[in-house]
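# Chains, contacts and geometry: an overview
One letter stands for each residue in the lines below.
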Amino acid sequence: MEGNSSGEPAADQLMTTTSRHQFGDDPDEPAVAISVIENMKEEYGLFVWPCSIVLAEYVWQQRLRFSGATVVELGAGTSLPGLVAAKVGAHVTLTDDANKLEVLDNMRRVCHLNKLHCNILGLTWGVWDASIFTLCPRIILGADVLYDNDAFDDLFATVTFLLQNSPGSVFITTYHNRSGHHHIEFLMVKWGLKCVKLLDGLSFMPPCKVSGLSGNLQLAEISLSNEVAEPTVSH
Ligand SMILES: C[S@@+](CC[C@H](N)C(=O)[O-])C[C@H]1O[C@@H](n2cnc3c(N)ncnc32)[C@H](O)[C@@H]1O
């Protein structure tokens, strides 16, 4: 471990931990394990949020659907769902706010730690940099990206653009349903989207993972309202 001039570990390093996340039926012999570097700073994207644990489990359970798919994760932060998608054979681009260089650097470290090759991209919602025009994801992921009302329109503008850029694609998101669905329903109508699947986030979690989660966590699959949804494959 590197230290400061007195040989002590830097304060930043003291706040860093590595968490391990397992997937599969046998806890003693997990089919997939992902290590995530977290930092207890006041930076949302350096912490594994419960929504990310739920979405990552969903990706694992739907792994046949993800194998070979092109996936973009928005507001990925520590990127657990995208990393599971990469592990099961998806071609993954992990994105976060282009101004959050520390978060983007941490994504690179976490990919390296797990020996996974993902593209890392600064993508700020509602901003049209050239790179967004090259993205044609089959599946867009977003864990806990619906938490700031002021950012909802920018997020939905980006999601709608990506859905339109890749016909037949779907946005899969997990969020805390704190005050009912009216906000999201309003946004879906506004942006020409529809919810094709809505699940209680805890309903498909293995019992060993439920104990660490609380709140009304929801998973929604969202597509363009003028498209017919493809059937989903469960494993
Ligand atoms: C609550 S954290 C969730 C992080 C991760 N998805 C998880 O669930 O652990 C919200 C994430 O959205 C990112 N974010 C916030 N505003 C954004 C914006 N305008 N454009 C892109 N990303 C943004 C943050 O940097 C952060 O990584």
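Residues numbered from 1 in each chain as written. Predicted model: local features only at pLDDT ≥ 70, side-chain atom pairs only at ≥ 80, totals over all residues.

As stated in UniProt under Sequence similarities (unreviewed entry), the record for the chain gives "Belongs to the methyltransferase superfamily. METTL23 family." (UniProt positions renumbered as here; feature names shortened; annotations may be inferred.)

Working note: regular strand, side chains alternate between the two faces of the sheet. When you tally the buried positions in strand β6 (residues 139-143), you get five out of five residues, the bulk of the element. Taking every second residue as pointing to the same face, both faces of β6 are buried, with Ile139, Leu141 and Ala143 on one and Ile140 and Gly142 on the other. Relative to β6, strand β3 (residues 70-73) runs parallel, the two being bridged by three bridges. The residue bridging Val72 from the neighbouring strand is Ile140, located in β6. (Buried ≥ 20, exposed ≤ 12 C-beta atoms within 10 Å, placed from the backbone. Helix = DSSP H or I, 4+ residues; strand = E, 2+ residues; numbered from the N terminus. Pairing = 2+ DSSP bridges.)

The end-to-end C-alpha separation of helix α6 (residues 152-165) is 20 Å, in line with the 20 Å expected for 14 residues at 1.5 Å each. Those residues of α6 that sit buried are Leu155, Phe156, Thr158, Val159 and Leu163. The arc enclosing the buried residues of α6, seen along the axis, measures out at 160°, which places them on a common side. Structurally, α6 contributes buried residues whose contacts are with β6, β7 (170-176), α7 (182-191) and β9 (217-224). (Expected span 1.5 Å × (residues − 1). Arc of directions from axis to C-beta. Contact = placed C-beta atoms within 7 Å.)

Okay, the site of the ligand next. Taken together, 22 residues sit near the ligand, with Gly45, Ser52, Gly75, Gly77 and Ala143 positioned nearest. For the shell around the ligand, the residue count by class is eleven nonpolar, six polar and five charged. (Near = placed C-beta within 6 Å. Nonpolar A, V, L, I, M, F, W, Y, C, P; charged D, E, K, R; others polar.)

Attention now goes to the nonpolar core. Within the largest apolar cluster, 56 residues are counted, with the highest numbers of intra-cluster contacts made by Leu55, Val59, Val71, Leu80, Val84 and Ala85. Per-element accounting of this core gives the leading share, eight residues, to helix α2 (residues 50-61). Residue contacts for Leu55: discarding those within four places in its chain leaves Pro81, Leu141, Ala143, Ile172, Thr174 and Leu219. (Core = buried A, V, L, I, M, F, W, Y, C linked by C-beta atoms within 7 Å.)

As a further point, take the sheet that holds β7. Within the open sheet, the seven strands sit side by side as β5-β4-β3-β6-β7-β9-β8. Their pairing is mixed. Because the sheet does not close on itself, it has two edges, and the strands there are β5 (119-122) and β8 (193-200). Going across the sheet, the axis of each strand differs from the next one's by a mean of 20°, ignoring polarity. Of the pairings in the sheet, the one linking β8 to β9 comprises seven bridges and is antiparallel in character. Paired with Cys195 across the strands is Ile222, a residue of β9. Sitting on the sheet, α6 touches β3, β6, β7, β8 and β9, and the angle it makes with β9 is about 50°. (Axes fitted to C-alpha atoms, helices over the stretch in contact; angles between N-to-C directions.)

Each pair of packed helices gets described by two things: the angle between the helix axes and the distance between those axes. Viewed as axis vectors pointing N to C, α2 and helix α4 (residues 80-87) meet at an angle of 15°, and their least axial separation amounts to 8 Å. On the basis of their axis angle, the class for α2 and α4 is roughly parallel. By crossing handedness, the relation of α2 to α4 is classed as right-handed. When α2 is examined against α4, the residues Ser52, Ile53, Leu55, Ala56, Val59 and Trp60 are found in contact with a partner set consisting of Leu80, Pro81, Val84 and Ala85. (Parallel < 35°, antiparallel > 145°, perpendicular 65-115°, else oblique. Left-handed = near helix turned anticlockwise from the far one by under 90°.)

Bringing unusual backbone geometry into the picture now. Despite not being glycine, Ser79 shows a phi value in the positive range, around 75°. Within the secondary structure, Ser79 is located in the loop between β3 and α4. Classification of Ser79 by C-beta neighbours within 10 Å gives buried; the count is 33.

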